[in-house]
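Listed here are the chains, written in short residue letters.
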Amino acid sequence: MGRKREVAVGRFGRFRGNAPAPEAVPGGRSVDGSGPPGGVGAAVGVANGAAVSASYVNGRADPPWPGRRVPLGARWDGTGTNFAVWAGGAEAVELCLFEDGPGGSLRETRLPLRDRTFQVWHGYVPGIGPGSRYGFRVHGPWDPARGARWNPQKLLLDPYARAIDGSFVLDDAVYGGGPDGPDPRDSAPFVPKSVVVQDDADWSHDRRPKTPWAETVIYELHVKGFTARHPGIPDHLRGTYAGLAHPAALDHLVRLGVTAVELLPVHHFVDEEHLLRKAGGNYWGYNSIGYFAPHAGYAASGGRGGQVHEFRSMVHALHDAGIEVILDVVYNHTAEGGPDGPMLCFRGIDNGGYYRLRDGGRNYTDYTGCGNTLNVVQPHVLQLITDSLRYWVTEMGVDGFRFDLAAALARSMHDVDRLSSFLTVIGQDPVLSRVKLIAEPWDVGEGGYQVGAFPPLWTEWNDRYRDTVRDFWRGARPDVRELAYRLSGSSDLYQQDGRHPYASVNYVTAHDGFTLRDLVSYENKHNEANGEDNRDGTDDNRAWNCGYEGETADPAIGLLRRRQLRNMMTTLLLSTGVPMLVAGDEMGRTQRGNNNAYCQDNELSWLDWSALDDPHWRPLLDLTARLVRLRRSHPVLCRRAFYSGRPSFPDGLRDLAWFTPAGREMTDRDWFSPGATLGMYVSGLDIEQRGPRGERIVDDSFLLILHASSQPMPFVLPGEPWAHSYEMVLDTALDTDPMARFNEPVPGGSALTVAGRSAVLLRVEHAVWAPT
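Quick caveat: nothing in here was measured; it's all calculated off a predicted structure. Per-chain numbering applies: the sequence of each chain, read as written, is numbered from 1 onward. With pLDDT at 70 or above as the cut-off, local features in this predicted model cover only qualifying residues; side-chain atom pairs require 80 or more to be listed or tallied, and sums for whole chains, interfaces and linings still use all residues. Only hydrogens and water are set aside when side-chain values are computed; all heavy atoms of the structure are taken into account.

Describing the side chain of Gln-307
And step 1. Here a helix means four or more residues in a row that DSSP labels H or I, a strand means two or more in a row labelled E, and each is numbered from the N terminus. Along the chain, the position of Gln-307 falls in helix 5 (residues 306-320).
And step 2. Judged by relative accessible area, which is 0%, Gln-307 ranks as buried.
And step 3. Residues in contact with Gln-307, not counting those within four places in the same chain, are Ala-163, Ile-164, Tyr-241, Pro-294, Ala-296, Ala-299, Ser-301 and Gly-302. Exposure categories follow from relative accessible area, calculated using a 1.4 Å probe and restricted to protein chains: below 20% of the type maximum is buried, above 50% is exposed, and the middle band is partly exposed. Any two residues whose heavy atoms approach within 4.5 Å are treated as being in contact.

What follows is the structure in structure tokens.
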């Protein structure tokens, strides 16, 4: 989840920008007050770099043709553009068109939309084409105590805008007004503009990887942070979609072996007010304002529609490399914040329609901690979300979504409801029900924690996996019961309603919190750089600094920390479920103890690629890549069904067995006794799933030993019928090459000394290998 904390700021005493507040005048006057009162004679847009000029006013602001109520948004047909916007309680809507004026100003022409059908205001303007900038001004009553917040002095984005251009400037004019009445100042100079985009997506030659869930390995990354410092990417492409599509970036992803990238928010977003007042900015992007528009700040090709084509090209390149694209999407709240927030889009179009209100409409219901919650039970808001999702799949090529604070979307009138309209619509949609759907299964409201409660179509971020693995390796678990559940797919959370092990997205770290390296280097957060007196970010880190807080040159501590990283990476990639890595963890990325770097758009958050040349960190990358390859090459490590604890075939063993260091199977007494060592045996002879033609799938069997105690432990390897002998595959106690070739097999029934705080993986060798 992104940073979730409402910043309460009074309406008055805000920072004011330097730009003058323009005079509000009807159609044709420049937004800076200069320009002819009769309107402009031509609108100039850019389509694929070429100018598009069309006379549409003939010296005066002619009203648009009636046009159509569907589709919503701005759609160019080759000769003109149809505009349609839902504004349920509005009394009038003006379409505002912009072109460049003298001195960097923008000239505005206002055209009334005279036609309304089923609460949708619509009109067709001949000659307006791709690259043209526009917005809306919506008229209606001002009565904040009852939720009515219409103010035509505020220029509003199109909720369906395919591209957004320009910056959000913090000025008093961007606020709608207060109890004494609407604010009279024009906000147009200070807010971004919607852009008409050419719909020319061609996916006929694109091949989606369509990786099965059980074989998926997710890599969470930030478009800018992943590419901003990459030495192999040209300077002008760093930090952009084109940079992520560059061969130098793709080579790393392919070498690592991940099957999907999960991109931190790429919907167009704006910076929060409190960050702008401190001359800062939003890095993570969990502050969306445009649900159809790729964030223009990540586009090397600019904001006049080029970002759309650049994003599509990036998706094509990732697909060609065999990598799926999953978007982290934020439909639970918008960048407009609470009642005192700016008026940028939804609040000025229909406040009571788009947001959940309380106290008679005066205040917002806030299940997100960000000041507002979208009103998903309202049909047009639900349509907005589903239209957006389908657009990103069908016209932008993406393969799935991770829903930020998904519990807020699954609420009906108040409670989280498995039969909510949102979950129901997604479940039956012929497009959305076929892509990857990941829930962050909680919000900050009452009853919002819903891990394990989403319906079968969904997978979930499993924070219980995260906490359990962190606790085990820092020595905080009194027994190993919880660890066994997490290693084997979390059947206690997902099996009861017919779901599968891949319903669990397993992770140890995410963008929100410590990096993997910081998890073994710091126990306390160090967020002073955020400017909030270290009050922000969680205090529940479940981290162990290995005896020293922060970076140190002590070689013994360095060795231990690197071993702990190998332990957690090994645990993650050998657990049943869908593993999620975080960009940079595979090469020791650090944020110097900052566990809430949402506002750190700088080298603190960007990947430092020089780590690849560091002999301390390069082995971690090599280990991660080899573990990913090992996982993907063995069906027994990518199970599609939960373990049964029984033989799947007459000649088989139990598909899963647990062993104590004494080499005997775990009993109830063992499960409830203090312990820091666990042996997990998975049988490749007992895989329930079958091949595409119904054939039996046979694989190697493995024994994984996890030992969190600081002292070495002799572990008796189970003998017949479990194994004749064992081949060592991995030993995290080895610092330079944990997967070195081991010459001699280890006989079953013999004791193997496992080093303190280490993990060992062994491949089983049977006296008679394959069943008949």
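From this point on, the discussion continues.
A word on the pairing of strand 17 (residues 260-263)
And step 1. Here strand 17 shows a buried face lined by Ala-260 and Glu-262 and a second buried face lined by Val-261 and Leu-263.
And step 2. In short, DSSP must find at least two bridges between two strands for them to pair. Relative to strand 17, strand 16 (residues 218-221) is paired through 4 bridges, and the arrangement is parallel. The residue of strand 17 that forms the bridge with Leu-221 is Leu-263.

Brief notes about the sheet that holds strand 20 (residues 324-329)
The pairing of strands in a sheet comes from backbone hydrogen bonds and takes either a parallel or an antiparallel form.
And step 1. Strand order in this closed barrel of 8 strands is 16-17-20-23-24-25-26-27, and the pairing throughout is parallel. Looking at each pair of strands side by side, their axes are set apart by 30° on average, direction ignored.
And step 2. Strand direction decides the pairing type here: strand 20 and strand 23 (residues 400-403), joined by 4 bridges, are parallel. Looking at the pairing, Ile-326 lines up with Gly-400 of strand 23. Every axis corresponds to a line fitted to the C-alpha atoms, with the helix fit spanning only the stretch in contact, and the corresponding angles, defined between N-to-C directions, vary from 0 to 180 degrees.

Considerations on the sheet that holds strand 7 (residues 115-117)
And step 1. Strand order across the open sheet formed by 4 strands is 3-4-8-7, with antiparallel pairing between neighbours. Each end of this open sheet is capped by a strand with a single partner; those strands are strand 3 (73-76) and strand 7. Neighbour-to-neighbour, the strand axes of the sheet open up by a mean angle of 25°, direction not taken into account.
And step 2. Here strand 3 pairs with strand 4 (residues 80-86) via 4 bridges, running antiparallel. Within strand 4, the position partnered with Ala-74 by the bridge is Phe-83.

Some thoughts on the state of the cysteines
And step 1. Our working definition of a disulfide is a cysteine sulfur pair at a distance within 2.5 Å. Overall, the coordinates contain 0 disulfides when judged by the stated rule.
And step 2. No disulfide involves Cys-599; its sulfur sits 14 Å from the nearest other cysteine sulfur, which is in Cys-370.

Focus: the packing of aromatic side chains
And step 1. When two rings of Phe, Tyr or Trp (its six-membered ring) have centres within 6.5 Å they constitute a pair, described as stacked for plane angles under 30 degrees, edge-to-face for angles over 60, and tilted for the intermediate range. Applying the stated rule across the entire model yields 33 aromatic pairs.
And step 2. Between the aromatic rings of Phe-226 and Trp-609, the centroid separation amounts to 5.1 Å while the plane-to-plane angle is 80°, which identifies the pairing as edge-to-face. Taken as a pair, Phe-226 in helix 1 (residues 223-227) and Trp-609 in the loop between strand 27 (578-582) and helix 15 (618-633) lie far apart in primary sequence, 383 residues in all.
And step 3. Residue class for Trp-609 comes out buried when judged on its relative accessible area of 5%.
And step 4. A connected cluster of aromatic rings, assembled from ring pairs, spans Trp-86, Tyr-291, Tyr-331, Phe-346, Tyr-354, Phe-401, Phe-403, Phe-422, Phe-454 and Trp-458.
And step 5. Charge-over-ring contacts are defined here by two conditions on Lys NZ or Arg CZ: a distance within 6 Å of the ring centre and an angle within 35 degrees of the ring normal. The aromatic ring of Trp-213 is capped on one face by Lys-436, whose charged end is 5.2 Å from the ring centroid.
And step 6. Sitting over the ring of Tyr-643, Arg-639 keeps its end group 4.1 Å from the ring centre.

Brief notes about the confidence of the model for the chain
And step 1. When pLDDT is averaged along the chain, the result is 91; 91% of the residues meet or exceed 70.
And step 2. Considering only residues more than four positions removed or in separate chains, one finds that residues 4-60, a stretch of pLDDT under 50, has 134 contacts. How sure the predictor is of each residue is captured by pLDDT, a score from 0 to 100.

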